Amino acid sequence: MLFARGLLEACRQRGATVLTGRAVRALKAGADGITHAETDAGPLAADAFVVCLGIAAPALVKPFGIALPIYPVKGYSMTLPITDPSRAPRMGGVDENNLLAYCPMGQRLRITATAEIAGYDDSHRPADFTRMLERTRAVFPAGIDYGRAEMWAGLRPMTPTGMPVIDRTHIANLFLNAGHGHVGWTMSNGSARVLADLVGQRQPAIAMDGMRL
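Here's what I pulled together on the structure shown here. Because the structure is a prediction, the values reported are computed rather than measured.

Moving on, we come to the overall build of the chain. The number of helices and strands found in the chain is 4 helices and 11 strands. Going through the 213 residues of the chain one by one, you find that 34% of them count as buried. Computing the positive centroid from 22 side-chain charges and the negative centroid from 18, the chain places the two 3 Å apart.

Moving on, we get to the packing of aromatic side chains. The geometry of an aromatic ring pair is captured by two quantities: the separation of the ring centres and the angle between the planes. This structure, assessed with the given rule, holds 3 aromatic pairs. Aromatic pair Phe3 and Trp185: ring centres 5.3 Å apart, planes at 75 degrees, arrangement edge-to-face. Remark: Trp185 occurs in helix 4 (residues 184-199) and Phe3 occurs in helix 1 (residues 2-13); sequence separation between them is 182 residues. Exposure remark for Phe3: the relative accessible area of 34% places this residue in the partly exposed category. With centroids separated by 5.5 Å and ring planes inclined at 80 degrees, the aromatic side chains of Tyr76 and Phe129 adopt a geometry described as edge-to-face. Of this pair, Tyr76 sits in strand 5 (residues 71-81) while Phe129 sits in the loop between strand 8 (108-116) and helix 3 (130-139), and the two are 53 residues apart along the sequence. The buried category is assigned to Phe129, whose relative accessible area is 0%.

This part covers the sheet that holds strand 2 (residues 33-39). Spatial ordering of the open sheet is given by 1-2-3, a layout of 3 strands whose pairing is antiparallel. Only two strands of the sheet have a single neighbouring strand rather than two, namely strand 1 (24-30) and strand 3 (42-45). The sheet shows a mean angle of 30 degrees between the axes of neighbouring strands, direction not considered. Looking at chain direction, strand 1 and strand 2 are connected through 6 bridges and run antiparallel. Bridge assignment links Leu27 to a residue of strand 2, and that residue is Ala37.

Bringing the pairing of strand 10 (residues 165-168) into the picture now. Alignment of strand 10 against strand 11 (residues 174-178), held across 4 bridges, turns out to be antiparallel. Bridge pairing links Asp167 to Leu176 in strand 11. As consecutive antiparallel partners, strand 10 and strand 11 are separated by 5 residues.

Burial in helix 3 covers these residues: Met132, Leu133 and Thr136. Buried residues of helix 3, seen end-on, are gathered within an arc of 95 degrees and therefore sit on one face of the element. Residues of helix 3 that are exposed and point more than 90 degrees away from the buried face comprise Arg131 and Ala138. On its buried face, helix 3 is in contact with strand 5, strand 7 (100-105), strand 8 and strand 9 (150-158).

The element strand 11 is extensively covered by neighbouring structure, given that 5 of its 5 residues are classed as buried. Across the two faces of strand 11 the burial is the same, with Leu174, Leu176 and Ala178 and Phe175 and Asn177 all buried. Relative to strand 11, strand 4 (residues 49-51) runs parallel, the two being bridged by 3 bridges. In the sheet register, Val51 faces strand 11, and the bridge partner there is Leu176.

Turning our attention to helix 4. In an α-helix, one turn spans 3.6 residues; hence positions three or four apart end up facing the same way. The principal kink in helix 4, of about 35 degrees, is found at Gly190. Those residues of helix 4 that fall on the buried side of the exposure criterion are Ser191, Val194, Leu195, Asp197 and Leu198. Against strand 4, strand 10 and strand 11 lie the buried residues of helix 4. Gln201 sits one or two positions beyond helix 4 and adopts a positive phi of about 60 degrees.

About the criteria used
For every chain, the first residue of its written sequence is number 1, and the numbers climb from 1 along that sequence. Thresholds applied to this predicted model are a pLDDT of at least 70 for local features of residues and 80 or more for the giving and counting of side-chain atom pairs; totals over whole chains, interfaces and linings are not thresholded and use all residues. Only heavy atoms go into the side-chain values, all of them from the structure, while hydrogens and water stay out. Runs of E in the DSSP output that reach at least two residues are strands. Runs of H or I that reach at least four are helices, and both are numbered from the N terminus. Burial classes follow relative accessibility: with a 1.4 Å probe on protein chains only, a residue under 20% of its type's maximum area counts as buried, one over 50% as exposed, and anything between as partly exposed. Asp and Glu are treated as the negative residues and Lys and Arg as the positive ones, with His and the ends of the chain left uncounted. Charged side chains are reduced to one point each, which is NZ for Lys, CZ for Arg, CG for Asp and CD for Glu. Only the six-membered ring of Trp is used, alongside the rings of Phe and Tyr, when aromatic pairs are assigned; centres must lie within 6.5 Å, and planes under 30 degrees apart are stacked while those over 60 apart are edge-to-face, with the rest tilted. Note on pairing: DSSP must find at least two bridges between two strands before they are called paired. Helix axes are fitted to C-alpha atoms over the stretch in contact, other axes to C-alpha atoms as well, and angles between N-to-C directions run from 0 to 180 degrees. The directions from the helix axis to the C-beta atoms form the arc being described. Throughout, a contact is declared for two residues whenever any of their heavy atoms are within 4.5 Å. Note on bend: the value at a residue is the angle between axes fitted to the seven residues ending there and to the seven starting there.

Below, the structure written as structure tokens:
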């Protein structure tokens, strides 16, 4: 959240107009490409359009004959209060033996573990986190308040290769930046660099092996 807020402010300082709270329903094309996006707040015109919608990306571009190989994979995570920083992890990591990924976030610890193929269902219940809690408690037995766990499940936009799709399309002003799976934030800056080069008609500074549509 801090990163997102900082990025938002940096964009605004450079002259960007940021619109939030709008749902994009469809893209509409004319003879020269995409003319506007239909939103619940009315049409939104632009010179170029970047589809960066995670698991919703395939449905938005399907009417244009674009088949994005992006599939939802449900991931579970929980956030736990840190009660004793001296006994909690100070750096993020992955415990391969217990299949846990962990990341300290100030006074909280973020844990992710289970992933499953369950279509577009992102529901969850406390019982889904029983094994994750047991494994986390075994790895970090002290310094964590396990009685105040915040639990969440979300859908990761996965591709068969694990690589995102970052590319132009056959429509001149339509670009793709989706399918980053569980490492969207990790890859966000590099993806943005590639996308900026593509939109600006420049040779990307980062190799695009495995990322083209």
